[in-house]
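One letter stands for each residue in the lines below.
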Amino acid sequence: MAPHEMASSLEELIAEGQALQSSGRLEEAWTTFASALETAGTQTGDVLDVFNRGIAALSLAHMAMEQHRWTEVRGKSLDLLLLESVNACRASKGRSRTLEGCLLQVRSQMLFEKPDADSAAIDAAISARQEATVLLIEGAVEALSWKAAKVEKLIANAQSETVQLSEDELQERLKRAGARPGDAEYVTELFEAWARPGISGMVLSLLDFLSYVLEIIQNISKDSARCSAPCEGGLSSDASHLEKELVALVSRHGTGAWEAKASEMLNDFPDVTAQLLESTWRMLAPKIKKTVEGDEQMSCGHKCSTCPTRQSCQVHDALKDIEDL
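All values derive from a computational prediction rather than experimental measurement.

### Some points on the sheet that holds strand S3 (residues 201-205)
Thinking step 1. Overall, antiparallel pairing links the three strands, which are arranged S1-S3-S2 in an open sheet. If you trace the sheet from one side to the other, it starts and ends with strand S1 (164-165) and strand S2 (196-198), each paired once.

Shown next as structure tokens:
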């Protein structure tokens, strides 16, 4: 009996794969983690399943890089499976920015290390690394579970506290302000992200630390209230389903990496190819550019200038080199 036949749930498969990996049975571990990803595709998408799907993808990716193994899993490249796990996390009610950040960080590393990486893959790796950095910081702030009102009050009481502190001094100051013992590891992550060089090492003031935390809390709050409609770039009502899906993909990931985009769309569009997507984008882009530059209202009710996702939307960058018809 194959190892994965003894387990049915994602959680059981993950635990079995980890046990096999720890005992050095790497091929069986690989098969079990791959089975976990296959099982994930049949699940309802609750928070725990999404989390375990991400863990399975991360486990396979780490094994692949350790073994320099670039084979596909269930007909898909591992960097694409990592991206699909990111999208599943993002759509989950119990979104974990830390898990998203880890998935993107590993995807970036994998894209950099792939022996056949082209310029588009390198661009995607750089973009993933940048996004991962932001998400991991946001995840650390989320893990603190501090309310905006609490931080605002601390800031009001810390207006004169601009002295640059070491990490130990900052931890002690936050403890006196009411930080819990469990907050220390997240404070460390944030200190490492925000501290600047001082005379005796890396330093950060209490006021700066609290101000950065508050800004991220507010951004996360805005993000949770964002428009849930995918960007459609002002496409006409008779635009095809493929055209709408393509524009939504470009809004999230930019242009290029057409092979990866085609792989992501294969389930809904069995005949799609990288060449078809690239040519379709080139056909749509001038029309979308006209709508975007005219700041016309979209079907969701927003204009580009008022869209809650405008800071992360990549449609504008994708249109920079498009000439008007």
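Once you've had a look at it, read on.
### Structural notes on helix H4 (residues 78-91)
Thinking step 1. Across its 14 residues, H4 extends 20 Å between first and last C-alpha, which sits within 8% of the 20 Å expected from 1.5 Å per residue.
Thinking step 2. Of all 14 residues that make up H4, twelve are buried, and the element is covered over most of its length.
Thinking step 3. Restricting attention to buried positions, one finds in H4 the residues Leu78, Asp79, Leu80, Leu81, Leu82, Leu83, Glu84, Ser85, Val86, Asn87, Ala88 and Cys89.

### A short note on helix H5 (residues 97-113)
Thinking step 1. With 17 residues, H5 should cover 24 Å at 1.5 Å per step; its first-to-last C-alpha distance of 24 Å lies within 8% of that length.
Thinking step 2. Of all the residues in H5, the buried ones are Arg97, Leu99, Glu100, Gly101, Leu103, Leu104, Val106, Arg107, Ser108, Met110 and Leu111.

### A word on the nonpolar core
Generally speaking, soluble globular proteins have nonpolar side chains that are buried together.
Thinking step 1. Core analysis: the biggest nonpolar cluster contains 35 residues, and Trp30, Leu60, Val73, Leu78, Leu82, Leu103 and Met110 have the highest contact counts within it.
Thinking step 2. Residue assignment for this core shows that the elements contributing at least two residues are helix H1 (10-22), helix H2 (26-40), helix H3 (47-67), H4, H5 and helix H6 (119-144).
Thinking step 3. Counting residues per element, this core draws most heavily on H3, which supplies nine residues.
Thinking step 4. Not counting chain neighbours up to four residues away, the residues in contact with leucine 60 comprise Trp30, Phe33, Ala34, Leu37, Val73 and Leu78.
Thinking step 5. Among the nonpolar cores identified, the runner-up in size contains 28 residues, and Leu154, Val213, Ile217 and Ile220 belong to it.

Calculation rules
- Residues numbered from 1 in each chain as written.
- Predicted model: local features only at pLDDT ≥ 70, side-chain atom pairs only at ≥ 80, totals over all residues.
- Heavy atoms only, no water.
- Pairing = 2+ DSSP bridges.
- Helix = DSSP H or I, 4+ residues; strand = E, 2+ residues; numbered from the N terminus.
- Expected span 1.5 Å × (residues − 1).
- Buried < 20%, exposed > 50% of the residue type's maximum accessible area, 1.4 Å probe, protein only.
- Core = buried A, V, L, I, M, F, W, Y, C linked by side-chain atoms within 4.5 Å.
- Contact = heavy atoms within 4.5 Å.

Treat this as a map of the structure, not an account of what it does.
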